[in-house]
Amino acid sequence: MSKPPFDKVLIANRGEIALRIIRACRELGVRSVAVFSDADARAVHVREADEAVHVGPAPSSESYLVGERIIEAARRSGAQAIHPGYGFLSEREWFARAVRDAGLVFVGPPAEAIAAMGSKTAARTLAMKAGTPVVPGTTTALVDAAEAARIAEEFGYPILLKAAAGGGGKGMRVVRQESELASSLDSARREARNAFGDDAVYVEKYIDGPRHVEIQVLADTHGNVLSLGERECSVQRRHQKMIEEAPSVALTPAMRRKMGNAAIAAARAAGYVNAGTCEFLVAPDGAFYFLEMNTRIQVEHPVTEFVTGVDLVQWQLRIAAGERLPFPQHVEPRGWAIECRITSEDPGNSFLPSTGRIEYLRPPAGPGVRWDSGVGVGSVIGLHYDPMLAKLIVHAETRELAIARMQRALQELSIVGVDTSREFHLRVLADDEFVRGAIDIQWLERRLASLTGASPPAETVRVAAIAGALLAERDRGRRVSGGRRGDARAGNREEWVRTARREALRGS
Ligand code: MV4
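This text gives an overview of the structure that appears in the document. (Residues numbered from 1 in each chain as written. Predicted model: local features only at pLDDT ≥ 70, side-chain atom pairs only at ≥ 80, totals over all residues. Heavy atoms only, no water.)

**Details of helix 6 (residues 120-130)**
And step 1. Regarding helix 6, the residues found buried are Lys 120, Thr 121, Ala 123, Arg 124, Leu 126 and Ala 127.
And step 2. Tucked into the core, helix 6 has its buried residues touching helix 5 (111-118), strand 6 (159-163), strand 8 (201-205), helix 9 (253-269) and strand 13 (288-294). (Buried < 20%, exposed > 50% of the residue type's maximum accessible area, 1.4 Å probe, protein only. Helix = DSSP H or I, 4+ residues; strand = E, 2+ residues; numbered from the N terminus. Contact = heavy atoms within 4.5 Å.)

The following block contains the structure:
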């Protein structure tokens, strides 16, 4: 094999993404250094890395977010580079700069590119100069409500007020008529000031019922920038994505090519290097608009890896070491991939975080199934960090087969000890609108009641499973029936009996 990109890389993250990066390092012959807080002393990423350094107490503000400690850990361990993963320090311009100033390599874009995409108005200006379509609107901060009213008149209502420093929907207000303008501007400003310490607000035309589609790009230090196609991320709730897929049912090959070129142009304009993602809104009429660029590896990167066959995390390391991208400018998707984020939340109870110790875990396996997780039996799930336990990703020839494969994989999955989103995902996958691909960014919110409606309490299901197992055990060897078909309830019954049998036989 060719020369490893680095001798040793420090991973400034935890959970599944830390493990994902450790795996890429191992495959490339790079040694890995984990960091951990008090709460993570026994975590999977600590056990799996070649070395581990303690960086502070459980709160991330005192551990995973303390840049100097992380850089000091890299120095002491002799690492040459730091991979930030997603979240935590991954999109902090000052951190990318501090890593570089310490003589280390930041496995991500240059600090200048993070800064260029950090402000929404700056990113819009950049994209417009590059010829990338953006939502009609302004690029400068509003002075007052009178100015907003003039602009709204020009574009027509409804409009959207957005915080220039924004992100995650904070400081955003839809305004449907002039009489609401002044008060909406006040509240958008107040929210922006509290969240970002910057109350600059600008105006966009409000796009109704769009999809959220993003383009994965890779750029090397030699000026090559390429597109790896799109991910459909419309199934989200309060800006938390729940299910992602690649490709998107909404794109034709011609649109994919156009959006890919638009993303490449925006990335070039920002001087972008490494893996990045351009977010777009796709309107019901097929028009697409650049929103912002995420300057990190994203949670949902595996669906792109499945349909392109490209290892994005390996390429992050190879690009950081100065390697050249050998691919054509556009990589076409093959087959269909879907990801479900398995979280420790109770969807039946407003997605309340669930805590506890994982007592039993059966991860799904088999053809086309990938389980990216940072937890195992014995892991203690608390409230200090994100509730995502794992990502379940499947790949199949068509969307229909990928949905069937995901259902099969979710049925194989068993987690005991915390409530999870497993059932919720099964309901989404059985929803007729989801199956038809008739989804937009408001779809999940609209469907929430029917997707999270009453189901029997966990204890009832457990008792029923035990009863089922006993019956299945009694009937073992003297069952002659085979053909109960064409009845959905019979299908459920068979699934239920299978589950009961598996649970009853586990450990024996
Ligand atoms: C929009 C929009 C409609 N029209 N801009 C939300 C967070 C930020 N990233 C951009 N967002 C939106 N911008 C215009 N002109 C609707 C959203 C939006 C959204 C976008 C992507 C994914 C989920 C979303 C949920 C609600 C609103």
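**What about the packing of aromatic side chains?**
And step 1. For the structure shown, the criterion picks out nine aromatic pairs.
And step 2. On the basis of an interplanar angle of 80 degrees and a centroid distance of 5.7 Å, the ring pair of Tyr 64 and Tyr 385 is categorised as edge-to-face. Here the residue Tyr 64 occupies a position in the loop between strand 3 (51-56) and helix 3 (67-77), and Tyr 385 occupies one in the loop between strand 20 (380-381) and strand 21 (388-396), the gap between them amounting to 321 residues. Like Tyr 385, Tyr 64 is buried.
And step 3. Seen in terms of ring centroids, Phe 351 and Phe 424 are 5.3 Å apart; in terms of plane orientation they differ by 85 degrees. Their pairing is edge-to-face. Taken together, the residues Phe 351 in the loop between strand 15 (345-346) and strand 16 (352-353) and Phe 424 in helix 13 (residues 422-430) connect sequence positions 73 residues apart.
And step 4. For Phe 351, a relative accessible area of 6% corresponds to the buried category.
And step 5. Using a relative accessible area of 2% as the deciding quantity, one classes Phe 424 as buried.
And step 6. Among the aromatic residues, those joined into a cluster by ring pairs are Tyr 64, Phe 88 and Tyr 385.
And step 7. Directly above the aromatic system of Trp 315 lies the positively charged group of Arg 318, at a separation of 4.0 Å from the ring centroid. (Phe/Tyr/Trp six-rings, centres within 6.5 Å; stacked < 30°, edge-to-face > 60°. Lys NZ or Arg CZ within 6 Å of the ring centre and 35° of its normal.)

**Regarding the site of the ligand**
And step 1. Lining the immediate environment of the ligand, one finds 18 residues, of which Lys 162, Glu 204, Lys 205, Ile 207 and Glu 292 sit closest.
And step 2. Take Ile 207: an N or O atom from its main chain is 3.0 Å from a nitrogen atom of the ligand.
And step 3. A distance of 2.9 Å separates a nitrogen atom of the ligand from a polar side-chain atom of Glu 292.
And step 4. Isolated, the ligand exposes 520 Å² of accessible area, and the fraction of that covered by the protein chains is 90%.
And step 5. Of the residues contributing to the shell around the ligand, the split by class is eight nonpolar, four polar and six charged. (Near = heavy atom within 4 Å. Polar contact = N/O pair within 3.5 Å; in protein donor to acceptor, adjacent residues only side chain to side chain. Areas by Shrake-Rupley, 256 points an atom, 1.4 Å probe, with all protein chains shown as cover. Nonpolar A, V, L, I, M, F, W, Y, C, P; charged D, E, K, R; others polar.)

**What to know about the nonpolar core**
And step 1. Counting residues in each nonpolar core, the largest one holds 37 residues, and the members touching the most others are Ile 342, Ile 415 and Phe 434.
And step 2. Secondary-structure elements contributing two or more residues to this core are strand 11 (240-246), strand 14 (336-343), strand 19 (369-373), strand 21, helix 12 (399-412), helix 13 and helix 15 (443-452).
And step 3. Among all residues touching Ile 342, those that are not within four sequence positions of it are Trp 371, Pro 387, Met 388, Leu 389, Ala 390, Leu 392, Leu 410, Leu 413, Ile 415, Thr 420, Ser 421 and His 425.
And step 4. With 34 residues, the next largest nonpolar core counts Val 9, Ala 49, Val 310 and Val 331 among its residues. (Core = buried A, V, L, I, M, F, W, Y, C linked by side-chain atoms within 4.5 Å.)

**Looking at the sheet that holds strand 8**
And step 1. Taken in spatial order, the three strands line up as 7-6-8 in an open sheet, and their pairing is antiparallel. Each of the sheet's edge strands pairs with one partner strand only, and the pair in question is strand 7 (173-175) and strand 8. Here the average twist between neighbouring strands, direction ignored, is 30 degrees.
And step 2. Set on the sheet, helix 6 makes contact with strand 6 and strand 8; between it and strand 8 the angle comes to about 50 degrees. (Pairing = 2+ DSSP bridges. Axes fitted to C-alpha atoms, helices over the stretch in contact; angles between N-to-C directions.)

Nothing here speaks to function; it is all geometry.
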